[in-house]
Amino acid sequence: MVPVIVVVIYAPYIPACILTLKDLVTTIAAKLQQSLSEGNELYGRKSNRVYPCKIVKVLESKADKTLYEVVWLGKDKKITGNAVISGDDLVRKLPFTRAVLKSFIRESTYRSVPWVLHENLARKHGISTNPPEVLRSKIFLQDGHIVCNRKRRKTEDDKQSTDDGNNDDLREHKQKRLRGEKSEALNTLNADKEDDKLKGKPIKYPIEDLLVEAAADDPIFTERPSPSRDFNVPMDCVGDLLMVWDFCTSFSRLLHLCPFSLEDFENALCHKGSNSILIVESLSALLRLLIKDNGDYFLAIQKKKRKSKITVITWTEYLCDFLEMVGFVELSTCITTIKRGHYGLLDICAKLGIFRELVNQALAADIVREKLDKYIEERQALAATRREVALEEGRKKREEKERLKVESDGNGMVKGHGAEVVGTSSSEPVNHNHSRQNGHVAEKQNEKSLSSGQKHPSRNSGNNHVSVTLKNIKQQKVDVKVVLENDSSENGVRKQLKDENNEAIEKRSKAQRKDYLEREMEKRFIRTSPFGKDKYHNRYWFFRRDERIFVESSDSTEWGYYSAKDELDALMGSLNTKGERERALKKQLGKYYTNICSELQKRSKEAAYRSAMEDSLLRRSNRVRAPPRENPALAFLKYVNKWKED
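Residues numbered from 1 in each chain as written. Predicted model: local features only at pLDDT ≥ 70, side-chain atom pairs only at ≥ 80, totals over all residues. Heavy atoms only, no water.

Can you help me understand the overall build of the protein in this one?
Secondary structure assignment for the protein yields 23 helices and 13 strands. For the protein, buried positions account for 31% of its 646 residues. Considering only contacts in the protein between residues 6 or more positions apart, those separated by 24 or more positions represent 57%. As presented, the protein carries roughly 41,900 Å² of accessible surface, and 52% of it is formed by carbon and sulfur atoms. (Helix = DSSP H or I, 4+ residues; strand = E, 2+ residues; numbered from the N terminus. Buried < 20%, exposed > 50% of the residue type's maximum accessible area, 1.4 Å probe, protein only. Contact = heavy atoms within 4.5 Å. Areas by Shrake-Rupley, 256 points an atom, 1.4 Å probe, with all protein chains shown as cover.)

In C-alpha cells, the structure reads:
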C-alpha cells in the first residue's frame, strides 16, 4: 500500500502536491477504493446481504461495468462458493482508517504544501526528489531540506494590479492561470509582489521550525545535550528491540508473561550461553497466543499432530514450525541451528527478527484485536467520565461564584435597610419594634400600679414580691441571652470547622478520583506514541516501564536516550517555541514533566545504590570472606515467569 500513497503524493501533477492534508487523504482514499485487483479481500452483496469475498479474476467490462469473479469466504477464510458479480455489488472499503492514512503521510514527509518525502523513503521506492519545474522558483534547499522561498496570497491579486501599473500583463497572466497554465513568469511576478507586500509586517508564530530565525527578544536557549548511545544490540536493531519489549510488557496479562526490564531483555538477547528462561518464556508465550487464536499457525501444528502445550523442552520444535510457516528466507536459515539446541548462538539481528515476526502475527490475531477493541471502549467510557467530572466541577465553581456574589449584594442591602430603621423617629414599621413598644408600655403600667400601691399598705408585701420577681426574671433573661450568644459562637466555629473538613475531604476525593481515572486509562494500553518531534524531525519516546527518554532520528537509523533530570531540563531549555514541532514537543514534555522526573530520579538513586554497594564490597578487609558480587548484567538469569499458565 505504501507505493500507491507515495505515487499519489509525488506525482508530477502539481495540484496533488499542493493539496491540504484533508484533501490529500480524500484523494488517496478515492484512488484506493477505485482500484480493485486480483487477491483483494472485501465484501460483496448476495441475496440482499453482505458476505466476505475475495477477487480471483477481473473479467472484461460489459456495458460500462467491470465484472469480477469472486469466491465467498466463511469462517477462518474457508471458501464456501464462487460467483461472478459486478463492481456495484462490491463494498469497497479502505484497508485502514483515514486517521491511519493521515498519520502515515505525516510520518513519511517532512513538510507539507508542497508535500516532500523523506530522502530514504524516496530512494527506497525509486522516486525523484527533484522539485517540479513550476515550484523551483518558490522553494530552495537548506541543510539538505526543501523549504518555501516565498508566501503567496491569492486574495489580493486584483489590488496589486492597480498599484503596480502593469494591468495588461497581470490580466494576461490571470487568464493563463484560470485556464490552468502554470506559467513561471506569473509565479515569479506574484512572488516578487508578495515579498514587497509582506515587508515590515510581523510574523505570526508558530511557523515551520526550519524557517525560524534568531531574534533579539529570544530567550537564552541551553545547549541540547547529546543522547547516550551505549546499546548492547546493533544500532539498526534498537527499534525492533523497543517494539518487541513494549508489546511483551504492555500485553503481559494477555500473554501470561511476567514483565521484565528492557535492560534484562537486551542482555538476555546478547547472551551466547545456554538458553535463558526469559527468552524461552517470551517466545513460548507468543507461540501459545497464536495457538489460542486458531489461525494459520494452529492449523500448521495440527498437521504435524503436535500437542497444544509448549514446554521448556519442546519449545524449539514449535518455533521451527512457525519459521517454516512464515517462509522468510533470512529466518529459515536459523531453523537448523535452533533444532540443534544452539539458539543462543544466533545473530542478535536474527533473534530480534524472529521476535518481530511473532509480534506482527500476534497483533493480527483476533484475541489481541478483541482485547484492543475492549480497551478502546473502556478508555472512551473513562474519558467520558473524566469529562463529566470536569464539567461538574466547572458547574459547581460557577454556582459557588454566583452564590458569593448574591450574598455580597444581599449583605449590602441589609446594612442599608438597618440604617433606615435606626434613623426613624415618628413610627417603627418593623414588627419587632411593636413588641418593644408594648413591653415599654407594660413596664410603665406596672410602675404606675406599684406607685398606686403605696396608698394601700396591705398590698405592699405582694408588690415587693412582684418587684423582686421581675428583677429575677430580667436577670435570668440576661443570663440566658449570654448563654445563647456563647452557644451560637461555638456552633458557628464548629460549623466552620465542619465545612472546612468537608471541603478538604471533597478536594481529596476529587484528586483521588482523578488519579484513579488516570491509572485506569493507563491500564487500558492501546499503543505507545512519541511525544513529538524537534526541528530536525527527531522523534522522542517515553515508555511506561522504562525511566529513559529515547530519541529516534528522522530516518530511524540512529537511537539514543536521556537518563538524567539535568539532561531533560537542558533538552526542554533548548526547544524554540516559535517552531510548530518544538512548541508541541515542549508542551507534551511539560505535561508529563513530574512523572518523567520521578522516574529519572528513581533510576539515578538505584544506580547510586548499586555503585555504593559495589564500593562497600571492595573496601572490605581481606580477613572477612565476602560473598561473590552479583553482576547486574546477569540479573536476567534469575527471571521467573510467575504468571505462567498451569
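Further notes follow.
Please clarify how the sheet that holds strand β10 (residues 532–533) should be interpreted in this entry.
Strands pair in a sheet through their backbones, by hydrogen bonds, and they do so in one of two ways: parallel or antiparallel. Pairing within the open sheet is antiparallel, and its four strands lie in the order β10-β11-β12-β13. For this open sheet the edge positions go to β10 and β13 (559–562), each flanked by a neighbour on one side alone. When strand β11 (residues 539–542) meets strand β12 (residues 549–552), the two strands line up antiparallel, connected through four bridges. Across the sheet, residue Trp 541 finds its bridge partner in β12, namely Phe 550. (Pairing = 2+ DSSP bridges.)

Any chance you could explain the pairing of strand β4 (residues 79–86) here in plain terms?
The two faces of the sheet receive side chains in turn, since in a regular strand these alternate between them. Pairing of strand β3 (residues 65–73) with β4, which is carried by seven bridges, proceeds in the antiparallel orientation. Looking at β4, one finds that Leu 67 is bridged to Ser 86. Linking β3 back to β4 in an antiparallel pair, the connection comprises five residues, with Asp 76 at a positive phi of about 60 degrees.

Honestly, helix α4 (residues 98–108) in this entry has me stumped. Any pointers?
Residues lying three or four places apart along an α-helix face the same way, a consequence of the helix completing one turn every 3.6 residues. For α4, the complete set of buried residues consists of Leu 101, Ile 105 and Ser 108. Viewed along the axis of α4, the buried residues span an arc of 75 degrees, placing them on a single side of the element. (Arc of directions from axis to C-beta.)

Please clarify how the pairing of β11 should be interpreted in this entry.
Alternating residues of β11 divide into Arg 539 and Trp 541 and Tyr 540 and Phe 542, and every residue in both groups is buried. Pairing analysis gives two bridges linking β10 to β11, with the strands arranged antiparallel. Along β11, the bridge assignment pairs Gly 532 with Tyr 540. Two successive antiparallel strands, β10 and β11, enclose a turn made up of five residues, where His 537 displays a positive phi of approximately 65 degrees. Linking β11 back to β12 in an antiparallel pair, the connection comprises six residues.

I would appreciate a short explanation of the packing of helix α21 (residues 565–573) against helix α22 (residues 580–591) in the present structure.
The description of two packed helices rests on the angle between their axes and on the distance between the axes. One can describe the packing of α21 onto α22 by two numbers: an axis separation of 10 Å at closest approach and a directional angle of 145 degrees. Crossing angle aside, the handedness with which α21 passes α22 is left-handed. Where α21 approaches α22, its residues Leu 568, Leu 571 and Met 572 are matched on the opposing element by Lys 586, Leu 589 and Gly 590. Tallied by class, the residues present in the contact of α21 with α22 amount to four nonpolar, one polar and one charged. (Axes fitted to C-alpha atoms, helices over the stretch in contact; angles between N-to-C directions. Left-handed = near helix turned anticlockwise from the far one by under 90°. Nonpolar A, V, L, I, M, F, W, Y, C, P; charged D, E, K, R; others polar.)

What's the story with the pattern of salt bridges in this structure? I'm lost.
When the charged atoms of two side chains with opposite charge come close together, those side chains can pair. This model, assessed by the stated rule, comprises 27 salt bridges. Salt-bridge contacts for Asp 240 lead to Arg 356; the nearest nitrogen and oxygen are separated by 2.9 Å. Note that Asp 240 is positioned in helix α9 (residues 238–250) and Arg 356 in helix α17 (residues 348–363), a separation of 116 residues in sequence. Classification of Arg 356 as partly exposed rests on a relative accessible area of 25%. As a salt-bridge pair, Arg 356 and Glu 357 come within 3.7 Å of each other at their nearest N and O atoms. (Salt bridge = Lys/Arg side-chain N within 4 Å of Asp/Glu carboxyl O.)

What's the story with α9 in this structure? I'm lost.
The end-to-end C-alpha distance of α9, which contains 13 residues, comes to 18 Å, matching closely the 18 Å that a straight helix rising 1.5 Å per residue would cover. Within α9, 10 of the 13 residues are buried, leaving the element largely enclosed by the surrounding structure. On its buried side, α9 packs onto α10 (252–255), α11 (262–270), α12 (277–292), α17, β12 and β13. (Expected span 1.5 Å × (residues − 1).)

Looking at this structure, I do not really get the side chain of Asn 576. What am I missing?
One can find Asn 576 in the loop between α21 and α22. Overall, Asn 576 belongs to the buried group, its relative accessible area being 16%. Within polar-contact distance, the side chain of Asn 576 engages the backbone nitrogen of Lys 578 at 3.1 Å. Ignoring sequence-local partners within four residues, the contact set of Asn 576 consists of Val 212, Phe 221, Glu 582 and Arg 583. (Polar contact = N/O pair within 3.5 Å; in protein donor to acceptor, adjacent residues only side chain to side chain.)

What should I look at first to understand the packing of aromatic side chains in this one?
Each aromatic ring pair is described using two quantities: the centre-to-centre distance and the angle formed by the ring planes. All chains considered together, the criterion is met by 14 aromatic pairs. Aromatic pair Phe 247 and Phe 251: ring centres 5.0 Å apart, planes at 35 degrees, arrangement tilted. On the accessibility criterion, Phe 247 (6% relative accessible area) is buried. Residue classification places Phe 251 among the buried positions, given a relative accessible area of 5%. Ring centres of Phe 260 and Tyr 639 lie 5.8 Å apart, and the angle between their planes is 85 degrees; this geometry places the pair in the edge-to-face category. Pair noted here: Phe 260 is in the loop between α10 and α11 and Tyr 639 is in the segment after α23 (593–618), with a separation of 379 residues, a long-range link. An identical accessibility class is assigned to Phe 260 and Tyr 639; each is buried. One aromatic cluster is present, formed by Phe 231, Trp 245, Trp 541, Phe 543, Phe 550 and Tyr 561 through successive ring pairs. (Phe/Tyr/Trp six-rings, centres within 6.5 Å; stacked < 30°, edge-to-face > 60°.)

Quick question: what am I supposed to make of the layout of surface pockets here?
Unfilled space is identified by rolling a water-sized probe across the atoms. By volume, the second largest pocket amounts to about 1,100 Å³. In this structure, the second largest pocket is lined by 21 residues; those nearest its centre are Arg 379, Glu 522, Phe 531, Arg 544 and Tyr 592. Elements that contribute at least two residues to the lining of the second largest pocket include exactly α18 (366–422), α20 (460–523), α22 and α23. For the lining of the second largest pocket, the residue count by class is seven nonpolar, five polar and nine charged. (1 Å grid on protein atoms, 1.4 Å probe; cavity = no way out; pocket = protein on both sides within 12 Å on 5 of 7 lines; lining within 4 Å. Points joined across faces, edges and corners; volume = space filled by probe spheres on them.)

Any chance you could explain the environment of Leu 286 here in plain terms?
With respect to the secondary-structure elements, Leu 286 resides in helix α12. Sequence-wise, Leu 286 and Val 359 are 73 residues apart; in three dimensions their C-alpha atoms are separated by 7.4 Å.

Please clarify how the packing of α12 against α17 should be interpreted in this entry.
Viewed as axis vectors pointing N to C, α12 and α17 meet at an angle of 30 degrees, and their least axial separation amounts to 9 Å. Classified by the angle between their axes, α12 and α17 sit roughly parallel to one another. Considering the relative orientation of α12 and α17, their crossing is left-handed. Between α12 and α17, the contacting residues are Ile 279, Ser 282, Leu 283, Leu 286, Leu 287, Leu 289 and Leu 290 on the first element and Ile 354, Phe 355, Leu 358, Val 359, Gln 361 and Ala 362 on the second. (Parallel < 35°, antiparallel > 145°, perpendicular 65-115°, else oblique.)

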